[in-house]
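Descriptive analysis of the structure
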Amino acid sequence: MLLSIGVYADDNDIKKFISEKYGTLSTTELKNKDITQDLMESDVSVTVRLQIVYGKLSIRSVRNAFEDSVGSRLKKFGGSDNKELLQKFTSQFKDEYKIPRGSTIDLSKEKGYVLRTAIDGKEIGSVESQLLCRSILDLYIGDDPFDSKAKEEIDLKLVSAVTK
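Residues numbered from 1 in each chain as written. Predicted model: local features only at pLDDT ≥ 70, side-chain atom pairs only at ≥ 80, totals over all residues. Heavy atoms only, no water.

Things to note about the pattern of salt bridges
Heads up, the rule is: Salt bridge, as used here: a side-chain nitrogen of Lys or Arg that lies within 4 Å of a carboxyl oxygen of Asp or Glu. We count a stretch as a helix when DSSP gives it H or I for four or more residues in a row; a strand needs E for two or more, and each element gets its number in order from the N terminus. Relative accessibility decides the category of a residue: with a 1.4 Å probe and only protein chains considered, values under 20% of the type maximum give buried, values over 50% give exposed, and everything between is partly exposed.
On inspection of all chains with the given rule, the structure shows eight salt bridges. With a shortest N-O distance of 3.2 Å, Glu 41 and Arg 134 are connected by a salt bridge. Placement of the pair is Glu 41 in helix H3 (residues 35–41) and Arg 134 in helix H6 (residues 130–141), with a sequence separation of 93 residues. Note that Glu 110 and Arg 116 form a salt bridge whose closest N and O atoms lie 2.8 Å from each other. Judged by its relative accessible area of 26%, Glu 110 is partly exposed. When its relative accessible area of 26% is taken as the criterion, Arg 116 is described as partly exposed.

Some thoughts on helix H5 (residues 83–90)
Selection rule: The arc in question is the one spanned by the directions pointing from the helix axis to the C-beta atoms. The contact criterion used is simple: two residues touch if any of their non-hydrogen atoms lie within 4.5 Å.
Taken residue by residue, H5 has Leu 85, Leu 86, Phe 89 and Thr 90 as its buried positions. What you see down the axis of H5 is that its buried residues fit within an arc of 125°, all on one side. Exposed residues on H5 whose side chains face more than 90 degrees from its buried face are Lys 83, Glu 84 and Lys 88. The inward-facing, buried residues of H5 contact helix H4 (59–78), strand S3 (104–110), strand S4 (114–119), strand S5 (122–128) and H6.

Considering the pairing of S3
What counts, and what does not: Strand pairing is assigned whenever DSSP detects at least two bridges linking the two strands.
Most of S3 sits inside the fold, with six of its seven residues counted as buried. Two strands pair when backbone bridges link them, and strand S2 (residues 46–52) and S3 are joined in this way by six bridges, in the antiparallel orientation. Looking at S3, one finds that Leu 50 is bridged to Ile 105. Pairing between S3 and S4: six bridges, direction antiparallel.

Read these as layout, nothing more, since geometry by itself doesn't imply function.
The structure is reproduced here in structure tokens:
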């Protein structure tokens, strides 16, 4: 495993979003809804944090991995003509950035579908695109996530956030 992955959102924002979207459904009924799909398409702020747990990961390999993974999601959701958008995102990961073990990369979807990118807390860029935001989140909480166990945990936490 090269990365440790965390997905974060404000409980109150999640509760508000789910109650507005689903009203007063029971926990059982909510479990049958695809809340994560709706969350990916919503304007609720969500951050994906990647922490480097492998010592020799270069920024170039991160950039290449994003070109492949985000590129395939952009194609899935928006068709084949998204090279410029992909380039705008991946060009943020410049060779001068060092990402030793323990470094974090935050991919934060903010209000207005702005994807803000930070390395170790320092912002390196942002891109306004609902398609890009959805594509990034789909990698971690979509139908075919990098870590299906983590996605199951997130699904359960989304339902429990509302029923608390």
